[in-house]
Amino acid sequence: MSGDEPITREHLLAIYRQARAEFPKECCGYLLGRAPDAELVPCENRQDKLHALDPEAHPRTGENGYNIGGKQLLTLVRSFESERPASIIYHSHPKVGAYFSAEDTRAAIAAGYPVDYLVVDVQEDAIVEAKLFRQDGEGYVEIARFDGAAV
Amino acid sequence: MATVVFTQNLRRHVACPPEAVDAATVAQALAIVFASNPRLRGYVLDDQGALRHHMMVFVDGEPITDRRHLSDPIAPGSELYVMQALSGG
């Protein structure tokens, strides 16, 4: 890969495998640092736990939402004060395509992290593609697309 | 003194710079901060005084265990991080 690629093929395939393993739930995680020297940090999706605690406050389940908490969240937040800040936060979209949803936009703007967001299109039997989004004003625009893979 | 730090996404809603507090538990530490910054309380705690589900508090790098009563102990020199979980659809 060239030095300008935002994510290595190795990390992309690892994310695809995670998306397949956690299907039909959304998977999530982030990259600490920048490619090619980044570290992949797969995270637990806590959305089902939140939904079980309070379905009114958290109507989404793990099938249409993700939530990163615990020490993985602390590592992410602290990375922005370090010399190796996170560069990409990723999650999968089971069955619905690799687009940046209104909920994704709302949450990303609320979080305010200086990262790009990778969304993986995972279907019953395939990873179709992944798309990388970057903030542009009050919205997010696609800045890169990656082919799916048989994983 | 322990230090209470609120992360960037909270600071965008309400001013909450790091604050040094003399406290023995998370509940005491947050009560001191909220006494001078009452607006912040509603972002962090629910009506019962429990930590909101989407909020996380870490003491010296470990998530607190008592989210209802915030009785986790802190030591002089402890660092409390208060932050929102990251979510999306």
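Reading the values: rules and limits
- Residues numbered from 1 in each chain as written.
- Chains lettered and ligands numbered in written order.
- Predicted model: local features only at pLDDT ≥ 70, side-chain atom pairs only at ≥ 80, totals over all residues.
- Helix = DSSP H or I, 4+ residues; strand = E, 2+ residues; numbered from the N terminus.
- Rg over C-alpha atoms; globule rule 2.2 N^0.38 Å.
- Buried ≥ 20, exposed ≤ 12 C-beta atoms within 10 Å, placed from the backbone.
- Contact = placed C-beta atoms within 7 Å.
- Pairing = 2+ DSSP bridges.
- Right-handed = clockwise from strand over helix to strand, strands pointing away.
- pLDDT = per-residue confidence, 0-100.
- Axes fitted to C-alpha atoms, helices over the stretch in contact; angles between N-to-C directions.
- Nonpolar A, V, L, I, M, F, W, Y, C, P; charged D, E, K, R; others polar.
- Arc of directions from axis to C-beta.
- Core = buried A, V, L, I, M, F, W, Y, C linked by C-beta atoms within 7 Å.

Okay, the overall build of chain A next. Along chain A, the regular secondary structure elements total 4 helices and 7 strands. In summary, chain A has a C-alpha radius of gyration of 15 Å against a globular reference of 15 Å for 151 residues, a match within 12%. In terms of its C-alpha atoms, chain A occupies a principal-axis envelope of roughly 45 × 40 × 30 Å. Looking at chain A as a whole, 40% of its 151 residues qualify as buried. Long-range contacts, defined as pairs at least 24 residues apart, comprise 56% of the intrachain contacts of chain A with a sequence gap of at least 6.

Residue and element names in this part refer to chain A. Among the 9 residues in strand β4 (residues 86-94), 8 count as buried, and that is most of the element. Relative to β4, strand β1 (residues 28-32) is paired through 5 bridges, and the arrangement is antiparallel. Paired with Cys-28 across the two strands is His-91, which belongs to β4. For the crossover that starts at β4, traverses helix α4 (residues 102-111) and ends in the parallel strand β5 (residues 116-123), the hand is right-handed.

This brings us to the confidence of the model for chain B. Here chain B averages 92 in pLDDT, and 100% of its residues register 70 or above. Among the prediction metrics, the complex's ipTM stands at 0.82, with pTM recorded as 0.88.

As a further point, take the sheet that holds strand β4 (residues 62-63) of chain B. The strand order β2-β1-β5-β3-β4 (chain B) describes an open sheet built from 5 strands, whose pairing is mixed. If you trace the sheet from one side to the other, it starts and ends with β2 (19-21) and β4 of chain B, each paired once. Together, β3 (55-59), β4 and β5 (79-84) of chain B form the strand contacts of helix α3 (residues 70-79) of chain A, whose direction differs from that of β5 of chain B by roughly 95°. Across the face of the sheet, helix α2 (residues 26-36) of chain B comes into contact with β1 (2-6), β2, β3 and β5 of chain B while running at roughly 130° to β2 of chain B.

Here the focus is the interface of chain A and chain B. Contacts between the two partners involve 28 residues from chain A, matched on the other side by 16 residues from chain B. Listing elements by their share of the side of chain A that touches chain B, those giving two or more residues are α2 (47-53), β3 (66-68), α3 and α4 of chain A. A per-class count over the side of chain A that touches chain B returns 13 nonpolar, 9 polar and 6 charged. Relative to strand β6 (residues 86-88) of chain B, β3 of chain A runs antiparallel, the two being bridged by 3 bridges. Within β6 of chain B, the position partnered with Asn-67 of chain A by the bridge is Ser-87 of chain B.

The subject of this paragraph is α2 of chain B. All names here are of chain B. Along α2, the positions that sit buried rather than exposed are Val-26, Ala-29, Leu-30 and Val-33. Down the axis of α2, the buried side of the element spans an arc of 90°, and every buried residue falls inside it. Check the buried side of α2 and you find it contacts β1, β2, α3 (38-44), β3 and β5.

All right, on to the nonpolar core then. Of all hydrophobic cores here, the largest spans 61 residues; its most connected members are Tyr-117, Leu-118 and Val-120 of chain A together with Ala-29 and Leu-80 of chain B. The element that contributes the greatest number of residues to this core is β5 of chain A, accounting for 5 residues. Not counting the four nearest positions on each side in its chain, Leu-118 of chain A is found in contact with Ile-7, Ile-88, Tyr-90, Ala-130 and Leu-132 of chain A.

This part takes up the environment of Asp-66 of chain B. Residue and element names in this part refer to chain B. Inspection of the secondary structure puts Asp-66 in the loop between β4 and β5. The exposure class of Asp-66 is partly exposed, given the 15 C-beta atoms found within 10 Å. Spatially, the C-alpha atom of Asp-66 lies 16 Å from that of Ala-23, the residues being 43 residues apart in sequence. In this structure Asp-66 touches Ser-71 and Asp-72, once residues within four positions along its chain are discounted.

Turning to the pairing of strand β2 (residues 39-43) of chain A, a few remarks are in order. The side chains of a regular strand alternate, first on one face of the sheet and then on the other. Residue and element names in this part refer to chain A. One ladder, built from 5 bridges, connects β1 with β2; its direction is antiparallel. Bridged to Leu-31 within β2 is Leu-40. Hairpin geometry of β1 and β2 is characterised by an intervening segment of 6 residues between the two adjacent antiparallel strands and by a positive phi of about 80° at Gly-33.

A few words on the sheet that holds β1 of chain A. Residues and elements named next belong to chain A. Across the sheet, 6 strands lie side by side as β2-β1-β4-β5-β6-β7; this open sheet has mixed pairing. If you trace the sheet from one side to the other, it starts and ends with β2 and β7 (139-147), each paired once. Between one strand axis and the next, the sheet turns by 25° as a mean value, whatever way the strands run. Contacting β1, β2, β4, β5, β6 (126-136) and β7, helix α1 (residues 9-22) crosses the sheet at an angle of about 50° to β5.

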